[in-house]
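# A look at the structure
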Amino acid sequence: MEGMKTWFLVVLVVLGSHLAAQEAQKLSIDQAVNLAIEHNLSLSNTKRDLAAKQRKADTAWNVFIPTVDVSGTLARMNEASTVSALVPVPPAGMGGVYDYVMPISRELPQWSLSSRFSATLTLNMALFEGLKNVRMDYENGKISYEKARAQLERDVRKSYIQILLLQENVKLLKENLAAAEKRLETARANYRGGLVPELTVLQAQVGAENLKPAIQDLENSLQLAIESLAMSLGLPHGTRLELQTLPLPDLSLDLDMEALISRAVKDKPDLEELRRSILLLQSTKQANFYQLYTPSLSLGWTFDPTFQGDPMKDNWFDSESWKQRSGMFSITLAWRLNSLLPFSREAQGLADLDDTIGKMNTSLAMAVRGTETEVYSIILKLQKSQQSMNALKLNVDLAKRAYALTEDAYKAGLKDIMEITNADLDLRKAQLEVMKEQFNYITGLLDLEYAIGVPFGTLKRS
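First, a word on what this report is: a plain description of the structure on this page.

How each quantity is defined
- Residues numbered from 1 in each chain as written.
- Predicted model: local features only at pLDDT ≥ 70, side-chain atom pairs only at ≥ 80, totals over all residues.
- Heavy atoms only, no water.
- Helix = DSSP H or I, 4+ residues; strand = E, 2+ residues; numbered from the N terminus.
- Contact = heavy atoms within 4.5 Å.
- Axes fitted to C-alpha atoms, helices over the stretch in contact; angles between N-to-C directions.
- Parallel < 35°, antiparallel > 145°, perpendicular 65-115°, else oblique.
- Left-handed = near helix turned anticlockwise from the far one by under 90°.
- Nonpolar A, V, L, I, M, F, W, Y, C, P; charged D, E, K, R; others polar.
- Phe/Tyr/Trp six-rings, centres within 6.5 Å; stacked < 30°, edge-to-face > 60°.
- Buried < 20%, exposed > 50% of the residue type's maximum accessible area, 1.4 Å probe, protein only.
- Lys NZ or Arg CZ within 6 Å of the ring centre and 35° of its normal.
- 1 Å grid on protein atoms, 1.4 Å probe; cavity = no way out; pocket = protein on both sides within 12 Å on 5 of 7 lines; lining within 4 Å.
- Points joined across faces, edges and corners; volume = space filled by probe spheres on them.
- Patch = residues over 30% accessible without salt bridge, like charges linked within 9 Å, V, L, I, M, F, W, Y side chains within 5 Å.
- Areas by Shrake-Rupley, 256 points an atom, 1.4 Å probe, with all protein chains shown as cover.
- Salt bridge = Lys/Arg side-chain N within 4 Å of Asp/Glu carboxyl O.
- Core = buried A, V, L, I, M, F, W, Y, C linked by side-chain atoms within 4.5 Å.
- Expected span 1.5 Å × (residues − 1).
- Polar contact = N/O pair within 3.5 Å; in protein donor to acceptor, adjacent residues only side chain to side chain.

### A look at the environment of Gln110
Along the polypeptide, Gln110 turns up in the loop between strand E4 (100–107) and strand E5 (111–123). Sequence separation between Gln110 and Leu224 is 114 residues; the distance between their C-alpha atoms is 81 Å. Residues within four places of Gln110 in sequence aside, it is in contact with Ala75, Arg76, Met77, Asn78, Glu79 and Ala80.

### Considering the packing of helix H7 (residues 269–293) against helix H8 (residues 345–411)
Following both chains from N to C, one finds H7 and H8 inclined at 170 degrees, their axes separated by 10 Å at the closest point. The angle between H7 and H8 falls in the class roughly antiparallel. Once H7 is placed against H8, the crossing between them reads as left-handed. Residues belonging to the contact of H7 with H8 are distributed by class as follows: 15 nonpolar, seven polar and four charged.

### Regarding the packing of aromatic side chains
Under the counting rule described, the total for this entry stands at six aromatic pairs. Residues Phe289 and Tyr293 carry aromatic rings whose centres are separated by 4.9 Å and whose planes lie at 40 degrees to one another, so their mutual orientation is tilted. Here Tyr293 and Phe289 lie together in helix H7, a separation of four residues that amounts to about one turn. Since its relative accessible area comes to 24%, Tyr293 is described here as partly exposed. Each member of the aromatic cluster is reached from another via a ring pair, and the members are Phe117, Trp301 and Phe303. If you follow Arg154 out to its NZ or CZ, it ends over the ring of Tyr450, 4.5 Å from the centre.

### Topic: the layout of surface pockets
Empty space within the largest pocket amounts to approximately 570 Å³. In terms of lining residues, the largest pocket is bounded by 24 residues, among which Leu164, Glu168, Leu248, Met435 and Gln438 are the most central. If you list the elements that add at least two residues to the lining of the largest pocket, you get helix H4 (125–192), H8 and helix H9 (417–451). Top element by residues in the lining of the largest pocket is H4. It accounts for eight residues. Residue composition of the lining of the largest pocket, grouped by class: 14 nonpolar, four polar and six charged. In this structure, the second largest pocket occupies an estimated 350 Å³ of space. Lining of the second largest pocket is provided by 20 residues; of these, Ile29, Arg157, Leu246, Pro247 and Lys460 occupy positions nearest its centre.

### Let's talk about a nonpolar patch on the surface
Residues Leu74, Met312, Trp316 and Phe317 make up a contiguous nonpolar surface patch of roughly 490 Å² in combined accessible area. Relative to the elements of secondary structure, Phe317 occurs in the loop between strand E8 (305–307) and strand E9 (322–324). In this structure Phe317 comes out as exposed when scored by relative accessible area, which is 76%.

### As for the nonpolar core
Judged by nonpolar contacts, the single largest core of 48 residues is most densely connected at Val156 and Leu233. Taken together, the elements giving at least two residues each to this core come down to helix H2 (29–39), helix H3 (41–58), H4, helix H5 (198–232), strand E6 (241–243) and H9. Take this core: its biggest share by element is 17 residues, from H4. Excluding anything up to four places from it in sequence, Val156 contacts Ala32, Val33, Ala36, Leu229 and Leu233. Ranked by size, the runner-up nonpolar core spans 28 residues in total, among them Met257, Leu292, Ile379 and Leu459.

### Quick word on H4
Residue pairs three or four apart in sequence face the same way in an α-helix, which turns once every 3.6 residues. Look at H4: 100 Å from first C-alpha to last across 68 residues, which is about the 100 Å you get at 1.5 Å a residue. Capping of H4 at its N-terminal end is provided by Asn124; its side-chain oxygen lies 2.8 Å from the backbone amide nitrogen of Ala126. With its phi angle positive at about 80 degrees, Gly194 sits one or two positions after the end of H4.

### Description of the pattern of salt bridges
Counted according to the given criterion, the structure contains 17 salt bridges. Between Lys53 and Asp137 there is a salt bridge; the shortest N-O distance is 3.6 Å. Linking Lys53 in helix H3 with Asp137 in helix H4, this pair joins segments that are 84 residues apart in sequence. Residue Lys53 is classed as partly exposed on the basis of its relative accessible area, which comes to 27%. Of the charged contacts in the structure, one is a salt bridge between Glu272 and Arg276, with a shortest N-O distance of 3.0 Å. With Glu272 and Arg276 both in helix H7 and four residues apart, the pair spans about one turn of that helix. Note on Arg276: relative accessible area 27%, which makes it partly exposed. A single network of salt bridges, built from pairs that share partners, joins Asp30, Glu153 and Arg157.

### Points about the side chain of Asn140
Looking at the element boundaries, Asn140 is found in helix H4. Residue classification places Asn140 among the buried positions, given a relative accessible area of 9%. Among residues more than four places away in sequence, those in contact with Asn140 are Arg276, Ser277 and Leu280.

Listed below in structure tokens is the structure:
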């Protein structure tokens, strides 16, 4: 009995944990955006790139740190060597001239000990432009990160709204299925009472069965959209989401087309990123120009004490035994003349940069025109939604009225099953058109806010 109790408790704990895991996670649209910004893998890579550029910008001054090298060498000659010289021999008495010279020979130590310390620093006008270039690259990285962040937020908000639309669509289809099944039961009752032929029952059954695969397909699409959103938010596979409904869009927004297009051309993240890339390339060209067409000043200092005795026998710490061989301080002014020739490789490299800058300016002009067209198209769609929404809602009211009248006539035996099915289909289409128009309007506002470079929700608040 005790073993069975333990087993029963274990089963209860496992089932409880499984049910807890299956509970849907409640999520508002702002919470979804925050999760995506925190856990999205693609955005995290962009953030790492930005951190690397910031670190590089903060330490850009290190180009003025001299190159310092320290070395020490202990060597042994394969064969012993000797040095010979003629040494004058002084006379026996005081003064006078040397009587003769005497040759002497001395064997050098096979072991030798030497050290070297060197420091060099090369200065050029390009270094100062390089500091500016690194700072600009960091600023470009911030623009790229903000652009990626805005794109992610826009896409998450669109996915969130799309899921709400799919949920409403599934709910609508299920309501239509329930109504179709009620019609089927009514048709069967009327058939048993001899009021309608068997064909009416079959038509009602076909209408109900046709809705089931449509609901299944829509539920599959809904589940796939939820899974995709969960992945964007960094949530584990199979997470169930309970999304909060959103208020209906405000259709009274004043959309000043000229002002919005002008602002988009100025502030759209894509255009700002392209403009800054052109400035960065111009700075790179200027740095290359200074590197090629201005002289370089090199400062150098070397210190190379060498041990004069035998490192295996003599004292290393005798300061008199260390002598410099070639230590010096040097100042060198150098100027490469190849770049002065217009057909040289260096000069052609600058010409290539000019061509690249020209192509990027052309791309910017094309992007500006594309942005103008894009914003124009978005505003036209928003205005169309504003104008057509009231008509679509009126269509829903009329379809509901027509469906109610047709259903009453069907119950009274004045209408057949196909007529009420058509009325139901017209109502569902009208309701779907309203939801689609609302979805198009909200997503259009998101695209417009991204295009003009303002935080999402700004247009709704204004």
